[in-house]
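Overview (structure and organization)
Each chain is listed here by its residues.
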Amino acid sequence: MNVIVGLEIHCQLDTATKLFCGCSTDYRDDAPNTHVCPVCLGLPGALPVLNRRAVEYALRVAKALHCSVPEESVFARKNYFYPDLNKGFQITQYDKPLAVSGYLDIEGDDGEKRVRIARVHIEEDPGRLVHKGGSDRPRYSLVDYNRAGIPLIEIVTEPDLRSPQEARRFLNKLRATLEYLGVFDSEKEGSLRVDANVSLEGSERVEIKNITSYKGVEKALTFEITRQKNAIRRGQKVVRETRHFVEARGVTTSARSKEMEQDYRYFPEPDLPPLRVSDWVDGIVLPELPDARRQRFMDQYGCSPIHARTLTGDIRIAEFYEKVAGIDPALAATWVADTLLGELNYRDMSISAVPPEIFAGLLSLLKDRAITDRSGVEVLRVILDELKETGTCETPEACVGRLGLRVISASGEEGGDDPVTRAAREAIEENPQAAEDYRNGRKEALNYLVGQVMKKTRGCAKPADVHRVLLRLLDKGK
Amino acid sequence: MGAETLDFRPDDKYHAFLKIVPEAQYGPGRLSGVPVAVKDNISTAGIETTCASRILSGYVPPYDATVVSLLKAEGAAIVGKTNMDEFGMGSTTENSAFGPTLNPRDPGRVPGGSSGGSAAAVAAGLVPLALGTDTGGSIRCPAAFCGIVGLKPTYGRVSRYGLIAYGNSLEQVGPMAATVSGVNLLMSVICRHDPRDSTSLDAPYSHTPTMDIRGTRVGVPEEFFGEGVEPRVASVVWDAISLLERKGAEVVTCRMPSMEYALAAYYVTCMSEASSNLARFDGVRYGPPPDHRKPWHEAFQERRREGFGVEVRRRILIGTFALSSGYYGKYYAKAQAARRNVRRDFLRLFSEVDVIAGPTMPTVAFRFGEKSDPLSMYLSDILTVPANLAGIPAISVPCGKVEGLPVGLQIMGRWLEDERVVDVAYAYEQGAGQ
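Residues numbered from 1 in each chain as written. Chains lettered and ligands numbered in written order. Predicted model: local features only at pLDDT ≥ 70, side-chain atom pairs only at ≥ 80, totals over all residues. Heavy atoms only, no water.

1. Details of the overall build of chain A
- On a plain count of helices and strands, chain A comes out with 16 helices and 13 strands.
- In terms of overall size, chain A is more extended than a compact globule, its C-alpha atoms giving a radius of gyration of 29 Å where 478 residues would be expected to give roughly 23 Å.
- Burial analysis of chain A (478 residues in total) assigns 53% to the buried set.
- Taking the intrachain contacts of chain A between residues at least 6 apart in sequence as the baseline, contacts between residues at least 24 apart amount to 68%.
- In chain A, 69 side chains carry a positive charge and 74 a negative one; their mean positions are 3 Å apart. (Helix = DSSP H or I, 4+ residues; strand = E, 2+ residues; numbered from the N terminus. Rg over C-alpha atoms; globule rule 2.2 N^0.38 Å. Buried < 20%, exposed > 50% of the residue type's maximum accessible area, 1.4 Å probe, protein only. Contact = heavy atoms within 4.5 Å. Lys, Arg positive; Asp, Glu negative; His and termini not counted. Charge placed at Lys NZ, Arg CZ, Asp CG, Glu CD.)

2. Brief notes about the sheet that holds strand β6 (residues 129–134) of chain B
All names here are of chain B.
- Taken in spatial order, the 11 strands make up an open sheet running β2-β5-β4-β6-β8-β7-β12-β13-β11-β9-β10, and their pairing is mixed. Each of the sheet's edge strands pairs with one partner strand only, and the pair in question is β2 (17–20) and β10 (250–254). Pairwise comparison of adjacent strand axes, ignoring direction, gives a mean angle of 30° for this sheet.
- Inspection of the sheet shows strand β9 (residues 217–221) paired to strand β11 (residues 355–359) by 2 bridges, in the parallel sense. Note on β11: the bridge partner recorded for G219 is I356.
- Its contacts with the sheet place helix α9 (residues 332–350) against β10, β11 and β13 (405–413), and it is angled at close to 115° to β11. (Pairing = 2+ DSSP bridges. Axes fitted to C-alpha atoms, helices over the stretch in contact; angles between N-to-C directions.)

3. Some remarks on the packing of aromatic side chains
Residue and element names in this part refer to chain A.
- Tallying each qualifying case throughout the model produces 27 aromatic pairs over all chains.
- On the basis of an interplanar angle of 80° and a centroid distance of 6.1 Å, the ring pair of F20 and F75 is categorised as edge-to-face. Placement of the pair is F20 in the loop between β1 (3–12) and α1 (38–41) and F75 in strand β2 (residues 75–79), with a sequence separation of 55 residues. The burial state of F20 is the same as that of F75; both residues are buried.
- Between the aromatic rings of Y94 and Y266, the centroid separation amounts to 3.7 Å while the plane-to-plane angle is 5°, which identifies the pairing as stacked. Placement of the pair is Y94 in the loop between β3 (89–93) and β4 (99–108) and Y266 in the loop between β12 (251–257) and β13 (267–268), with a sequence separation of 172 residues. (Phe/Tyr/Trp six-rings, centres within 6.5 Å; stacked < 30°, edge-to-face > 60°.)

4. A short note on the confidence of the model for chain B
- Chain-level statistics for chain B give a pLDDT mean of 96 and a share of 100% at 70 or above.
- If you check the scores for this complex, the pTM reads 0.91 and the ipTM reads 0.96. (pLDDT = per-residue confidence, 0-100.)

5. With respect to a nonpolar patch on the surface
All names here are of chain B.
- A cluster of nonpolar residues, F321, Y327 and Y331, forms a patch on the protein surface that exposes about 260 Å² of accessible area.
- Locating Y327 in the fold gives a position in the loop between α8 (310–323) and α9.
- Looking at Y327, the relative accessible area reads 33%, which means it is partly exposed. (Patch = residues over 30% accessible without salt bridge, like charges linked within 9 Å, V, L, I, M, F, W, Y side chains within 5 Å. Areas by Shrake-Rupley, 256 points an atom, 1.4 Å probe, with all protein chains shown as cover. Salt bridge = Lys/Arg side-chain N within 4 Å of Asp/Glu carboxyl O.)

6. Remarks on empty space enclosed by the protein
- Going through the model one piece at a time under the given rule, you end up with 5 cavities of 30 Å³ or more.
- The calculated volume of the largest cavity comes to roughly 200 Å³.
- The wall of the largest cavity is formed by 25 residues, among which A46, P48, K87 and F89 of chain A together with R280 of chain B lie closest to the centre.
- At the level of secondary structure, the elements contributing two or more residues to the lining of the largest cavity comprise α1 and β3 of chain A.
- Counted by class, the lining of the largest cavity contains 14 nonpolar, 5 polar and 6 charged residues. (1 Å grid on protein atoms, 1.4 Å probe; cavity = no way out; pocket = protein on both sides within 12 Å on 5 of 7 lines; lining within 4 Å. Points joined across faces, edges and corners; volume = space filled by probe spheres on them. Nonpolar A, V, L, I, M, F, W, Y, C, P; charged D, E, K, R; others polar.)

7. Topic: the environment of E201 of chain A
- By the element assignment, E201 of chain A lies in the loop between β9 (192–200) and β10 (206–211).
- The spacing of E201 of chain A and I4 of chain A is 197 residues in sequence and 6.7 Å in space, taken between C-alpha atoms.

8. Comments concerning the pairing of β9 of chain A
All names here are of chain A.
- Buried residues dominate β9, accounting for 8 of its 9 residues.
- Bridge analysis of β1 against β9 gives 9 bridges, and the strand direction is antiparallel. Its bridge partner being in β9, L7 is matched across the sheet by A196.
- Pairing of β9 with β10 involves 4 bridges; the strand directions are antiparallel. When the sheet's bridge partners are listed, N197 is paired in β10 with E207.

9. Digging into the layout of surface pockets
Residues and elements named next belong to chain A.
- The volume enclosed by the largest pocket comes to roughly 1800 Å³.
- Lining the largest pocket are 46 residues; nearest its centre among them are K78, Y80, D195, K209 and N210.
- Looking at the lining of the largest pocket residue by residue, the class counts come to 13 nonpolar, 15 polar and 18 charged.

10. Description of helix α1 (residues 66–73) of chain B
Residues and elements named next belong to chain B.
- For α1, the set of buried residues is T66, V67, V68, L70 and L71.
- Residues of α1 that are buried make contact with β4 (35–39), β5 (77–82), β6, β8 (172–177) and α4 (180–190).
- Positive backbone phi, approximately 90°, marks G75, located one or two places after α1.

11. Section: the interface of chain B and chain A
- Listed by partner, the interface residues are 38 residues for chain B and 31 residues for chain A.
- Carbon and sulfur atoms make up 58% of the area that chain B and chain A hide from each other, which totals about 2700 Å².
- Three residues stand out in chain B for area buried against chain A, namely S198, R280 and R285 of chain B, and they jointly supply 23% of the buried area on that side.
- Between the two partners, chain B and chain A, sit 1 salt bridge.
- Between R160 of chain B and D271 of chain A there is a salt bridge, with its nearest N and O atoms 2.9 Å apart.
- Linking chain B to chain A there are 15 residue pairs in polar contact (both at pLDDT 80 or more).
- In terms of residue count, the dominant contributor to the side of chain B that touches chain A is helix α6 (residues 259–277) of chain B (5 residues).
- Classifying every residue of the side of chain B that touches chain A by side-chain character gives 18 nonpolar, 13 polar and 7 charged. (Buried area = accessible area lost by both parts, 1.4 Å probe. Polar contact = N/O pair within 3.5 Å; in protein donor to acceptor, adjacent residues only side chain to side chain.)

12. Quick look at helix α5 (residues 231–246) of chain B
Residues and elements named next belong to chain B.
- Between the first and last C-alpha of α5 there are 22 Å, a value that for 16 residues agrees with the 22 Å anticipated at 1.5 Å per step.
- Residues of α5 that are buried in the fold lie against β9, β10, β11, β12 (394–402), β13 and α12 (418–433).
- Just past α5, the residue G248 takes up positive phi, approximately 110°. (Expected span 1.5 Å × (residues − 1).)

13. Quick look at the packing of helix α7 (residues 305–312) of chain A against helix α9 (residues 329–347) of chain A
All names here are of chain A.
- Packing of α7 against α9 leaves a shortest axis separation of 10 Å and a crossing angle of 65°. As α7 runs across α9, the sense of the crossing is left-handed. Contact residues: H307, T310 and L311 in α7; A333, T334, V336, A337, D338 and L341 in α9.
- Per-class residue counts for the contact of α7 with α9 are 5 nonpolar, 3 polar and 1 charged. (Left-handed = near helix turned anticlockwise from the far one by under 90°.)

14. Topic: the environment of G156 of chain B
Residues and elements named next belong to chain B.
- Its location among the elements puts G156 in the loop between β7 (149–152) and β8.
- The exposure class of G156 is buried, given its relative accessible area of 1%.
- With 238 residues separating them along the chain, G156 and A394 place their C-alpha atoms 14 Å apart.
- Leaving out residues up to four positions away in the same chain, G156 has contacts with Q172, T199, S200 and L201.

15. A few points about the pattern of salt bridges
- What the rule picks out here adds up to 74 salt bridges over all chains.
- The closest approach of N and O atoms between R128 of chain A and D144 of chain A, which form a salt bridge, is 3.8 Å. One end of the pair, R128 of chain A, is in strand β6 (residues 128–132); the other, D144 of chain A, is in strand β7 (residues 140–144), with 16 residues separating them in the sequence.
- Note that R314 of chain B is salt-bridged to E311 of chain B, the shortest N-O span being 2.8 Å. Of the two residues, R314 of chain B and E311 of chain B are both situated in helix α8; the distance of 3 residues between them amounts to about one turn of the helix.
- R314 of chain B sits in the partly exposed class, given a relative accessible area of 30%.

16. A closer look at the sheet that holds β2 of chain A
Residue and element names in this part refer to chain A.
- Ordered in space as β3-β2-β13, the 3 strands form an open sheet in which the pairing is antiparallel. A strand with exactly one partner marks an edge of an open sheet, and here the two such strands are β3 and β13.
- Pairing between β2 and β3: 5 bridges, direction antiparallel. Bridged to A76 within β3 is T92.

17. Remarks on unusual backbone geometry
- Cis geometry is found at the peptide bond from G113 of chain B to S114 of chain B, where omega equals 0°.
- The topology assignment puts S114 of chain B in the loop between β5 and α2 (116–123).
- Non-glycine residue N33 of chain A carries a positive phi angle of around 55°.
- Along the polypeptide, N33 of chain A turns up in the loop between β1 and α1.
- For N33 of chain A, a relative accessible area of 33% corresponds to the partly exposed category.

Structure representation (structure tokens):
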């Protein structure tokens, strides 16, 4: 059974002021209803004035998604009743959206894939309800209009996605693109919300509303596809309906059947003249986008295709990499893409928490072979833990000094008395069986002894040195 | 800034005002110390603004409408808020939730609506100047019924910021006064570009009326004297048109076929817009709070059922119906098509004539309760709504009487030619006075 998925994605445009007034969009940590004016409160008589910056941002997105921008787009009122809706309607675009018929190329399940974009339009966010007295049976609800009027764009795809994984990759690529455009900050609360339409070929379509995380989309789709497959297997029909995704339980639940669907009574917003911006689009110069940057990373820094994809998948990572690549592009690529991202992920930290100069210091130590790879990882862990805890950290140099991780070398001479040679002698003495095995031709035994020496030197010896010294001692004692 | 206080304690026996400001502040300027009455659907900071509706009683706007700021900037004293049909819905001011206004020319009759309070305040001599709003004739109708002058400006020339919306795409704030000069003065104060209103035009008004109308071509559409126009009213208006001819204007008759659909287009449009505009009055932030123990949709219903008057509920329901899916194409979209036809008709007419003249209202002021059936009430707006559909300027100037009751002459002009309709009205007014 073929899976058919289409997405409707709401993204918050990262403007300084709201869509129809001059109120600030940065309300984080501020008291409710402090970023409000007659316009965004929807007071009687107040009128909307469109934020040019929001339009510019939306046009950037339209262009990056290869959309065409019609001569004229029109704002419409979407009428419905809800306690957080300031005016009793939401200003959005309906039958004449800002941009139509574009695409975004992603890595599909079977290689490169083009996902068509049906439309991109601009709309305002309503307010927010705060339920007091427990989430199950709140005693009362308060309304906060700080969010009311936050500019959003809605991006609607054609039903071109074929699996939850593809949907996830599409969203990642879309997010990366929006961040490259400088119009979106995925780290802001409520910055992205997704509605997903899912059907199995030949069956009814189900809409899952309001998924608020990237992981949630994949989970919701996986659950929903399984649910639909099971229903069909049992001979039941999939009914056309709207469902909610319950993040905590990882399931979707029925919200209402399509027969009961709201009639939004759209009509053109009389207070805003039609928007004519098709000329404006030509003047918009797009920055380098993820695909172009990935190619450049391969050309300019010699990154492998896999590293290039990882490093360009998030603008913060790409920019971080470029700040430290000067030390040694190949070394930096491995250490950022493989080591750093893994350690960050483990700690649930963002790359923005890591000062590039600190990481550059670490790379320099590695490049000069002042520390071993293993010590490098140890230093990185210590530093990330410090950053997570306090927001600052010591330099890698200081850390290496404090932990005594500087590389120790074996002297080249026969019978030398350096720490590596001493550790090697000890290892051979403590593990006569291994030494014996090696001498009898079992090469793996040498690896065991190398491990023992590394342990004794706390990873500060260069493996090549250890190898050389061990061989010399073992061959001598033959 | 050296504000002074005007003592305002009028004998408001016609119930022109919903709210009086007995000690009104004023400053220096062209209107320094002039008492101005403001219709109660225009926001005034610190002064209760209710749109004559229970649902807004107790609402004190935290900000001034742009027109109010402009009045204050010229030193005017805002002395009170005038009565009106609830949310502007009506042609008699009988639909006020706080009781009707009486017509100072005959207290047994309605003052017209919906700016009936403003018209009565001027006609009774309580204030020299007042602001009204005109969605389908709401300035011109009461001006005609009360025997004063009222101008509906070109759509976009006067800011709507702060005007509590009824039919956004149709309505304009406009001046009302006893004379054309008064209207002209008030217009020059309130007509400004407003960056807070996206439909605002940059066409300020600075004009000295002239009575020289020689060579002005005056078109008189046959439809403006059709069935329903009271013959004695028609006769008085024709006399007025003849006077314009004697003053050197050239009068030609013409046809306006779109009139047939204008009224329907108007009502579908304004009711649709109203159904959306009034949705915010759900008891969450205005009026008495809803019963919080009930589910919110029930609480909303209850609040709206109790808070809105019959006419308002009727229009919300019709508007909601006209916009609903399956009917949009049949009603709203058709109304917009008819509206385009009206615009086209005016464009064609205005390529041949400079202004269009006719009666403002088909009859003189009704007696209270005379029109109980809403449809016959709606029909009385037939002559005023075309100007709103097209967004063009139109003025009503008193042009005589029938059985002692005033009749209004309506002059409509090209888009942005508010000055010209003022001139023609001025020429009539001055000519009639000679």
